[in-house]
Amino acid sequence: MSEGVQARPQTSSLAMLRTLGGIAMISGFLVVLVFQWTKPIIAENKRIAIEKAVFRVVPNAVSRRDFILAPEGLSPVGKKAKGETVYAAYNAKGELQGVALETVATGYQDVIRILYGYDPQCECVTGIKVLKMTETPGLGDKIAYDPDFLKNFHGLDGKLSADKSGLAHPIAAVKHGSKSEPWQIDSISGATISSKAIGRMINASGQRMFPLIQRYLSGFRPPVTVAAQGGEPPGSDLQ
Amino acid sequence: MTTVLHKQEQVTLDTFLRGIWEENPVFVMLLGMCPVLAVTNSTLNAIAMGLATLFVLVASGTLVSLLRKMIPREVRIATYIIIIATFVTMVDYTIQAISLDLYNSLGAFIQLIVVNCVILGRAEAYASRQRVGAAVVNALGMGVGFTLALLCLGTVRELLGAGTILGYPIFSPNFEPWVVMILPPGGFFVLGGWLLLFEWIKQRRERRTLQAQGATAHGS
């Protein structure tokens, strides 16, 4: 190789610039083309994925509306408000069934991201769905599908404290088989770190969000309840 | 030494088949081990990764071969990487459009196709020196060889590690999956097993031809 390089006349900078510039332009064109083509499809896929997850964690839900919830108040998605996105889910009659929230915590290997449902009536968690994780297959990843573990979240106690500033009892994962209170989560044996991460993230999110949900509960009432009385089919203007 | 001196290869069946058997990127050249070990924990992941790599190989091989006379030597690697990265980005968006679940299970390894040495190796050693036809056929062969190799690993690992193939249960419910097979060590075990098998087949075949030719023909 080295002899070849010495014998070769120097390539002009212009030729190099021309080649790299040209290739970069072709590259940019192709990427933009594919990006534009796939953008609506990917957005639709994401919407369907969120919808599926929301309907899984809130029982009997058939429609949903997205809100931004912050200590200052509740506003529909789209207005430039700061806060956390919450998904309000309604049943076929247009009544609020529950609110789905996203939360994250560090698991055994990387961040675990879940969506969980909260029922403001019973002040309890109604279900969880793992959105993203890299937990160990066969051990930590059981948090996503182990039926006994998921049963923990059917009616997990999330009652507010007397001054309504946080939870009356912090939600936490306890050692496998030692669950004694309705606000405790029975860990999976062999996956304590992953189980505890779930407990920690629901507790952190619950301490912050449950009081806000209760405070602004009336804001979640969909306009459709009024419309439904007027004879319009329920859920028609819900997304 | 230079591109001019390289013999232009005639496109034959061998141009295609070489990548599958004789020069299989995984089992013979041991290239691109990162995705081979990382994403072959299920058959579906293996197929998706193999097809994504196949597409990038063929597309980048075509473009590199088309532009081979215009690319100055000094910037050739940079040019190849831009070309490869372009097609990888296209694959990345396309997989997101096809299935978000698949995209999530492949994780960062889609983007990492950019640094897969099978692809850069093909661009440098073959596509930049051969006509488009030969480059495409050779890339196809390599891509199919790579996909088959991933499939070999993915099927065995999913079967032993989860008791399923493509999600369908194969064994009776009493089968206790060997979880280690879908964990990183399982990748090494299964790869080792396949390499052993292929080496054994190769040696046996060589012995057979030797015997058939007689000892005098040896050494040619």
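Quick caveat: nothing in here was measured; it's all calculated off a predicted structure.

Here is what the cut-offs are and how they apply
Residues numbered from 1 in each chain as written. Chains lettered and ligands numbered in written order. Predicted model: local features only at pLDDT ≥ 70, side-chain atom pairs only at ≥ 80, totals over all residues. Heavy atoms only, no water. Disulfide = S-S within 2.5 Å. Buried < 20%, exposed > 50% of the residue type's maximum accessible area, 1.4 Å probe, protein only. Helix = DSSP H or I, 4+ residues; strand = E, 2+ residues; numbered from the N terminus. Arc of directions from axis to C-beta. Contact = heavy atoms within 4.5 Å. Axes fitted to C-alpha atoms, helices over the stretch in contact; angles between N-to-C directions. Parallel < 35°, antiparallel > 145°, perpendicular 65-115°, else oblique. Left-handed = near helix turned anticlockwise from the far one by under 90°. Nonpolar A, V, L, I, M, F, W, Y, C, P; charged D, E, K, R; others polar. Pairing = 2+ DSSP bridges. pLDDT = per-residue confidence, 0-100. Buried area = accessible area lost by both parts, 1.4 Å probe. Salt bridge = Lys/Arg side-chain N within 4 Å of Asp/Glu carboxyl O. Polar contact = N/O pair within 3.5 Å; in protein donor to acceptor, adjacent residues only side chain to side chain. Phe/Tyr/Trp six-rings, centres within 6.5 Å; stacked < 30°, edge-to-face > 60°. Core = buried A, V, L, I, M, F, W, Y, C linked by side-chain atoms within 4.5 Å.

**What about the state of the cysteines?**
Put plainly, two cysteines are in a disulfide when a covalent bond ties their sulfur atoms together.
Part 1 of the reasoning: Considering all chains together, one arrives at one disulfide over all chains under this definition.
Part 2 of the reasoning: Paired through a disulfide, C122 of chain A and C124 of chain A show a sulfur-sulfur distance of 1.8 Å. Where C122 of chain A bonds to C124 of chain A through sulfur, the torsion about that S-S bond is close to -55°, and the disulfide is left-handed.
Part 3 of the reasoning: For C122 of chain A, a relative accessible area of 34% puts it in the partly exposed group.
Part 4 of the reasoning: Its relative accessible area of 8% is what places C124 of chain A among the buried residues.
Part 5 of the reasoning: Free of any disulfide, C34 of chain B has its nearest cysteine sulfur in C117 of chain B, 9.3 Å distant.
Part 6 of the reasoning: On the basis of relative accessible area, C34 of chain B is assigned to the partly exposed category, the value being 43%.
Part 7 of the reasoning: C152 of chain B carries a free sulfur, and the closest cysteine sulfur to it, the one in C117 of chain B, is 19 Å from it.

**Details of helix α1 (residues 13-20) of chain B**
Residue and element names in this part refer to chain B.
Part 1 of the reasoning: Turning to α1, its buried residues are T15, R18 and G19. Here the buried residues of α1 occupy an arc of 90° about the axis, which is enough to place them on one side.
Part 2 of the reasoning: Each element contacted by the buried residues of α1 is listed here: α6 (117-127) and α7 (132-162).

**Focus: the packing of α6 of chain B against α7 of chain B**
Residues and elements named next belong to chain B.
Part 1 of the reasoning: α7 packs onto α6 with a crossing angle of 150° between their chain directions and a minimal axis gap of 11 Å. In terms of orientation, α6 lies roughly antiparallel with respect to α7. By crossing handedness, the relation of α6 to α7 is classed as right-handed. Here V118, R122, Y126 and A127 of α6 lie close against α7, whose contacting residues are A134, A135, N138, M142 and F146.
Part 2 of the reasoning: Residue composition of the contact of α6 with α7, by class: seven nonpolar, one polar and one charged.

**What to know about the sheet that holds strand β7 (residues 156-157) of chain A**
Residue and element names in this part refer to chain A.
Part 1 of the reasoning: Ordered in space as β2-β1-β3-β4-β5-β6-β7, the seven strands form an open sheet in which the pairing is antiparallel. Each end of this open sheet is capped by a strand with a single partner; those strands are β2 (73-76) and β7.
Part 2 of the reasoning: Of the strands in this sheet, β1 (63-70), β3 (84-90), β4 (96-106), β5 (111-119) and β6 (124-132) are in contact with helix α2 (residues 13-57), which crosses β6 at around 150°.
Part 3 of the reasoning: Running over the sheet, helix α4 (residues 192-215) touches β1, β3, β4, β5 and β6 and is turned about 45° from β5.

**Here's the deal with the confidence of the model for chain A**
Residues and elements named next belong to chain A.
Part 1 of the reasoning: Averaged over all residues, the pLDDT of chain A equals 84, while 88% of them reach at least 70.
Part 2 of the reasoning: When the criterion is pLDDT under 50, residues 1-5 qualifies, and its contacts beyond four places in sequence or with other chains add up to five contacts.
Part 3 of the reasoning: Low pLDDT, under 50, characterises residues 225-239; the stretch is placed with 21 contacts to residues that sit more than four places away or in other chains.

**Section: the interface of chain A and chain B**
Part 1 of the reasoning: Contacts between the two partners involve 27 residues from chain A and, on the opposite side, 28 residues from chain B.
Part 2 of the reasoning: Of the roughly 2,400 Å² buried at the junction of chain A and chain B (both faces included), carbon and sulfur atoms supply 76%.
Part 3 of the reasoning: Viewed at the interface, chain B and chain A are joined by zero salt bridges.
Part 4 of the reasoning: Our count for the contact surface shared by chain A and chain B stands at four residue pairs in polar contact (both at pLDDT 80 or more).

**Quick notes on the packing of aromatic side chains**
All names here are of chain B.
Part 1 of the reasoning: Counting across every chain of the model gives eleven aromatic pairs over all chains.
Part 2 of the reasoning: Ring centres of F171 and F175 lie 4.3 Å apart, and the angle between their planes is 45°; this geometry places the pair in the tilted category.
Part 3 of the reasoning: Pairing W194 with F198 gives two aromatic rings, centres 5.9 Å apart and planes at 25°, and the pair type is stacked. Of this pair, W194 and F198 both sit in helix α8 (residues 184-213), four residues apart, roughly one helical turn.
Part 4 of the reasoning: Among the aromatic residues, ring-to-ring pairing joins W21, F27, W194 and F198 into one connected group.

**Overview of the pairing of β3 of chain A**
All names here are of chain A.
Part 1 of the reasoning: Among the seven residues that make up β3, five are buried, leaving the element largely enclosed by the rest of the structure.
Part 2 of the reasoning: By the bridge criterion, five bridges tie β3 to β4 in an arrangement that is antiparallel. Residue pairing in the sheet places A89 in a bridge with G98 of β4.
Part 3 of the reasoning: The turn joining β3 and β4, which pair antiparallel and follow one another in sequence, is formed by five residues; a positive phi near 85° is taken by G94.

**Topic: the environment of F67 of chain A**
Residues and elements named next belong to chain A.
Part 1 of the reasoning: Residue position: F67 is located in strand β1.
Part 2 of the reasoning: Sequence separation between F67 and V77 is ten residues; the distance between their C-alpha atoms is 4.9 Å.
Part 3 of the reasoning: Excluding its chain neighbours within four sequence positions, the residues that come into contact with F67 are L74, S75, P76, V77, E84, T85, V86, A88, Y90, G219 and F220.

**Quick word on the nonpolar core**
Part 1 of the reasoning: Core analysis: the biggest nonpolar cluster contains 51 residues, and V56, F87, I95 and L106 of chain B have the highest contact counts within it.
Part 2 of the reasoning: Contributions of two or more residues to this core are made by α2 of chain A together with α2 (33-38), α3 (43-66), α4 (76-98), α5 (100-106), α6, α7 and α8 of chain B.
Part 3 of the reasoning: In terms of residue count, α3 of chain B provides more of this core than any other element does, eleven residues in total.
Part 4 of the reasoning: With 39 residues, the next largest nonpolar core counts L101, I114, F149 and A191 of chain A among its residues.

**Topic: the pairing of β2 of chain A**
Successive side chains on a regular strand alternate, one facing one side of the sheet and the next facing the other.
Residues and elements named next belong to chain A.
Part 1 of the reasoning: Residue alternation in β2 divides its side chains into a buried set, G73 and S75, and an unburied set, L74 and P76.
Part 2 of the reasoning: In the sheet, β1 pairs with β2 via four bridges, with the strands oriented antiparallel. Each residue of the ladder has a partner; that of I68, found in β2, is S75.
Part 3 of the reasoning: Counting the residues between successive antiparallel strands, the hairpin from β1 to β2 contains two residues.

**Description of the environment of P71 of chain A**
Part 1 of the reasoning: Tracing the backbone through its elements, the reader meets P71 of chain A in the loop between β1 and β2.
Part 2 of the reasoning: Dropping the residues within four chain positions of it, P71 of chain A is found in contact with L212, R215 and Y216 of chain A.

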